[in-house]
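# Structural features, examined
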Amino acid sequence: MAYRFALSDVRYLTAAAGAEALAATDGLPLTDATLLADLTRVRAVAGERAAAVVETVRLRRRAAGKLGPAAAAWLFTDEALQQATPGPVAAHRAARLAGVGVHDLTCSIGADLAALAAPGAAGGLVVGSDLDPVRVLMARHNLAQGMNGAERPPRVFVADALTRTTRGLLGYADPARREGGRRITSAATVPSVDELDAAHAGRPPVLRVPPGIDYDALARPGEVELVSLDGVAREAVLWPAELAGPARRATVLRSDGPGEALTSDDPDDVPVGPPGEYLIDPDPAVVRAHLVRHWAARHGLWLLDPHLAYLTGPAVPPGVRGFRILDHAPYRERTVAQWARRDGVGTLEIKQRGTPVVPDELRRRLRPALTGPTRQAATLVIARIGRRPDAFWCRAVEPAPVPPAPPAPPAGR
Ligand SMILES: C[S@@+](CC[C@H](N)C(=O)[O-])C[C@H]1O[C@@H](n2cnc3c(N)ncnc32)[C@H](O)[C@@H]1O
């Protein structure tokens, strides 16, 4: 179970004695195998705070990939780290808020807030608050570390997001996600979208909500932006009318290069046609923003079926994992097993859309046909085309590098 930090733990960790204990612990392996022995050593310097010190060092190691090197000096709780917005996603939002004074109403340990306060980001006044005093104390420490080189850390205080505690600042809330429930609606977060909107009715806030939210049902005026990072949908952002662009936007971020953005105003005139050389599964941000046609039009692809998100065409767009179609037939297990035997396949990836096929169960049934070496891999895509499921026997093609973004035009053009 995750360690529960008390306010006294945070005070200790941010004082000189805590900093010394953290530095001494940083060199220890802290693996499951060594933890008991490591704890004994840490107790010699940190006494009853040893568990808080060890947990902090372990969380900092986990945070590096998500929040970047500055997180090496941050404080977290396990849940707050899981909830923290990944660095590139937070930086993208901060860029959209450039020049706007912002109050982060649910700032937690400050991942979003640090991006908003970074020099050259929001530019306007930025403050943060949260209901949880432990997280507020951690956020004060984290922001004082000058993540991204911020000079003056923003003010952070304890407050309920459902009360008005600042004036003249645009609210931003990243409410906690409520577990359970199949349909992701307004009530999927704590506080809910409706509660936040009611509390800030005079100036609707920017809201970060789960990417699977039924945003059509919310019918909130403004823009919905779906954001993915490295092929994983991370968030839906509900932009209020004052900052909205087109009705829907997909932002595809990549940690290793330029991403891609498209909106519901882009051209979407694409034909439906027979399979081309490749089958392409668009990024989840594009799918969830209902911009599959728009993306297909941009990349010269076409639809296999008007109701299906799989696309096809003569080439795979850069940065995207596609599938070279080797065979194609109405879906039957027997046919698929024949393909697998013919090609001596040992590893089979199965993807499906719009059919009742359960990939893990199908793979189990196909096991007798998967007798080739593990390195001999194939991808089976099963998709409902018209009224029947079709099978596409494919070889996955790793993403081609994305060309660098062209330099921005000089201001004033
Ligand atoms: C998903 S986390 C925010 C993460 C943050 N954006 C970040 O990047 O680190 C949600 C936060 O909302 C806070 N919260 C929940 N209900 C609240 C309320 N009524 N008022 C203020 N904060 C609240 C929780 O304590 C939690 O820290």
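Just above sits the structure.
Okay, so let's go over this structure. Since the structure is predicted, the reported quantities are computational estimates derived from the model, not experimental observations.

### A word on the sheet that holds strand E13 (residues 302–303)
Note on sheets: strands pair through backbone hydrogen bonds, and any given pair is parallel or antiparallel. Here 7 strands make up an open sheet; going across it, the order is E13-E14-E12-E15-E18-E17-E16 and the pairing mixed. This sheet does not close on itself; its edge strands, each paired only once, are E13 and strand E16 (347–353). Relative to strand E15 (residues 322–330), strand E12 (residues 278–280) is paired through 3 bridges, and the arrangement is antiparallel. Residue pairing across strands places Ile 280 opposite Gly 322, the latter belonging to E15.

### Thoughts on the site of the ligand
Taken together, 22 residues form the shell around the ligand, and within it Thr 106, Ser 108, Ala 111, Ala 161 and Asp 174 come nearest. Here the shell around the ligand is built from residues that sort into 11 nonpolar, 5 polar and 6 charged.

### Remarks on the pairing of strand E9 (residues 232–239)
With 7 of its 8 residues buried, E9 lies for the most part within the structure. Between strand E8 (residues 223–229) and E9, which follow one another and run antiparallel, lie 2 residues, and Asp 230 among them has a positive phi close to 50°.

### Examining the packing of helix H2 (residues 16–26) against helix H4 (residues 50–67)
Packing of H2 against H4 brings their axes to within 9 Å, and their N-to-C directions diverge by 60°. The pairing of H2 with H4 is recorded here as oblique in orientation. As for the relative orientation of H2 and H4, their crossing is right-handed in sense. Taken together, the residues of H4 that come into contact with H2 (itself represented by Ala 21, Leu 22, Thr 25 and Asp 26) are Val 53, Val 54, Thr 56 and Val 57. Along the lines of polarity and charge, the residues of the contact of H2 with H4 split into 5 nonpolar, 2 polar and 1 charged.

### Describing unusual backbone geometry
Residue Pro 191 follows Val 190 across a cis peptide bond; omega there is -5°. Relative to the helices and strands, Pro 191 is located in the loop between strand E6 (189–190) and helix H9 (193–199). Its identity as a non-glycine residue notwithstanding, Ser 108 has a phi of 50°, on the positive side. Mapping Ser 108 onto the fold places it in the loop between strand E1 (102–104) and helix H7 (111–117). By C-beta crowding, Ser 108 is classed as buried, having 27 other C-beta atoms within 10 Å.

### What to know about the packing of H2 against helix H3 (residues 35–46)
The N-to-C vectors of H2 and H3 enclose an angle of 155°; their axes lie 9 Å apart at closest approach. Viewed along their axes, H2 and H3 adopt a mutual orientation that is roughly antiparallel. Both H2 and H3 take part in a crossing whose hand is right-handed. Contacts from Glu 20, Ala 21, Ala 24 and Thr 25 of H2 reach H3 at Val 42, Val 45 and Ala 46.

### Comments concerning the environment of Gly 212
By the secondary structure assignment, Gly 212 is in the loop between strand E7 (206–209) and helix H10 (215–218). In this structure the C-alpha to C-alpha distance between Gly 212 and Glu 235, which are 23 residues apart in sequence, comes to 8.1 Å.

### Some details on the sheet that holds strand E3 (residues 155–158)
The 9 strands are arranged E3-E2-E1-E4-E7-E9-E8-E10-E11 in an open sheet whose pairing can be described as mixed. In this open sheet, the two strands that pair with only one neighbour each are E3 and strand E11 (257–263). Across the sheet, the axes of successive neighbouring strands diverge by a mean angle of 20°, strand direction being ignored. By the bridge criterion, 3 bridges tie E1 to strand E2 (residues 126–130) in an arrangement that is parallel. Note that in E2 the partner of Asp 104 across the bridge is Gly 128.

Analysis parameters
Residues numbered from 1 in each chain as written. Predicted model: local features only at pLDDT ≥ 70, side-chain atom pairs only at ≥ 80, totals over all residues. Pairing = 2+ DSSP bridges. Helix = DSSP H or I, 4+ residues; strand = E, 2+ residues; numbered from the N terminus. Near = placed C-beta within 6 Å. Nonpolar A, V, L, I, M, F, W, Y, C, P; charged D, E, K, R; others polar. Buried ≥ 20, exposed ≤ 12 C-beta atoms within 10 Å, placed from the backbone. Axes fitted to C-alpha atoms, helices over the stretch in contact; angles between N-to-C directions. Parallel < 35°, antiparallel > 145°, perpendicular 65-115°, else oblique. Left-handed = near helix turned anticlockwise from the far one by under 90°. Contact = placed C-beta atoms within 7 Å.

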